[in-house]
Amino acid sequence: MKKTIRAALAAALALHGAAFAQQTIKLGVLNIEAGPLVPSSSAINQGATLAVETLNARGGALGRKYELVIQNHDGPPAGAIAAANKLVQQQGVSFFTSLSPSGNSLAVSAKLGELNALFLDATAASDDLTGKNCNPNYFRVGISDASQVQVWRELAQRNGIKTFDLMMADMAAARNASKYFTAALPSFGGSIGKELYTPLSTTDHGGNIAQLLSKPAEGLVMYMPGSAGIGLAKQQAQFGLFDKYKLVLSASMVNEILIAGQGDTTVGVWSAQSYFATLPGAANAEFVKAFEAKYSKKPSYLAADAYLSFMLVHEAITKAKSTDVAAVRGALKGLKLANTIVGDIEMRAADHQLVRPMVVVQA
């Protein structure tokens, strides 16, 4: 008798769980739990969590609530692919965002067709993702390398700087940005001096700093995300490297996430990014207020882009009146939204790149 009761109870719980899974719309996050990008991982989770809570407070979509599923991995592309498989095939997620360097996003993007899932990328910047390696199920919410290079070029021209050294992490996005920036320099008579690459996991930048100190160019451009950007900033301060340049530009290095670890070592350094908490508009003011109430701090650009990713999914689901992947993909293509947290935006149909304002910050 007891076995029969237990079996009946287990069956009832299983049915209840299945019904709950059908009722919710699962939104996923691929996140990294090891390595130099870990300082950024909590920002992605915070933005995604607030988005789900906000959407559910507004009633969800199609009479259903949203459910957040976070799948962590150890960092390399193989780990990202395995985590994406778990997220989709085991957890039942069809729409997800990520903390993802470009190499990871390229690897995951190639699997999206067989997974039958949509990836709204909040972080990877390589232009190949929306160019030669584009995938119908891939959409970029964050900014691209090409757009960051446009900011570098404009700042270089405004400051009359024509010669640059490059100090880059050895990763796809950084090499892509270097290529575009080098190609842009002749348009205003510019040129490259030294071009240095180092693994993202490097903790001692002494050798590269010594090379740069030997006859530095007028300007320095860096692409050093995560804890690598903190380590480089602190180590260069011992030698006054940044002071040797008239203009120091960066990507994914000087921002509101890393600045606490850098202290005053990056004062004067410029960076291009996708969002800043002081952007105008009622939607952003509401977002900042809610974020501060929940986390006791202002949202970073990564938190904002994770939040924005899920807002775009919600609008597409609402427009499509369905959670079918093909229907939502069709609704995302060319989707235009006014008065978002970053202003007016459009998911460009031709290449699935979000057209949006950019922010230039200086430490």
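Just above sits the structure.
In this text, all values refer to a predicted model and were calculated from it rather than measured experimentally. (Residues numbered from 1 in each chain as written. Predicted model: local features only at pLDDT ≥ 70, side-chain atom pairs only at ≥ 80, totals over all residues. Heavy atoms only, no water.)

Colleague: Which residues make up the sheet that holds strand β2 (residues 66-73), and what values go with them?
Modeller: Strands belonging to one sheet form pairs held by backbone hydrogen bonds; the direction of such a pair is parallel or antiparallel. Read across the open sheet, the 5 strands follow the order β2-β1-β3-β4-β5; overall the sheet is parallel. Bordering the open sheet on either side are β2 and β5 (138-140), each of which pairs with just one other strand. Here the average twist between neighbouring strands, direction ignored, is 25°. Of the strand pairs in this sheet, strand β1 (residues 25-32) and β2 are connected by 8 bridges, and their pairing is parallel. Its bridge partner lying in β2, I25 is registered against Y66. (Pairing = 2+ DSSP bridges. Helix = DSSP H or I, 4+ residues; strand = E, 2+ residues; numbered from the N terminus. Axes fitted to C-alpha atoms, helices over the stretch in contact; angles between N-to-C directions.)

Colleague: Tell me about the nonpolar core, and please be specific about residues and values.
Modeller: Formed by 95 residues in total, the largest nonpolar core has its most connected members in W152, F164, M222, Y223, F287, L312 and L332. V69, V93, L115 and F119 belong to the second-largest nonpolar core, a separate cluster that totals 17 residues. (Core = buried A, V, L, I, M, F, W, Y, C linked by side-chain atoms within 4.5 Å. Buried < 20%, exposed > 50% of the residue type's maximum accessible area, 1.4 Å probe, protein only.)

Colleague: Requested: an account of helix α3 (residues 77-90), with residues and values cited.
Modeller: With 14 residues, α3 extends 19 Å from end C-alpha to end C-alpha; this agrees with the ideal 20 Å at 1.5 Å per step. In the stretch just after α3, G92 is the one whose phi turns positive, near 75°. (Expected span 1.5 Å × (residues − 1).)

Colleague: Can you tell me about the pairing of strand β10 (residues 270-273), naming the residues and giving the values?
Modeller: With 3 bridges connecting them, strand β9 (residues 247-251) and β10 associate as parallel partners. In the strand pairing of β10, L249 is matched with W270. As defined by bridge partners, β10 adjoins strand β14 (residues 359-362) across 4 bridges and the pair is classed as antiparallel. Across the sheet, residue Q273 finds its bridge partner in β14, namely V359.

Colleague: Now, about the pattern of salt bridges: what can you tell me, with residues and values included?
Modeller: Applying the stated rule across the entire model yields 8 salt bridges. The residue R158 makes a salt bridge to E154 at a minimum N-O spacing of 2.6 Å. Within this pair, R158 and its partner E154 are both found in helix α6 (residues 145-159), separated by 4 residues, close to a single helical turn. Judged by its relative accessible area of 65%, R158 is exposed. (Salt bridge = Lys/Arg side-chain N within 4 Å of Asp/Glu carboxyl O.)

Colleague: Residues and numbers for the side chain of S144, please.
Modeller: Following the sequence through the fold, S144 ends up in the loop between β5 and α6. Residue S144 is classed as buried on the basis of its relative accessible area, which comes to 9%. Once residues within four sequence positions are removed from consideration, S144 is found in contact with A125, D127 and Q353. (Contact = heavy atoms within 4.5 Å.)

Any functional reading would require information beyond the geometric quantities listed.
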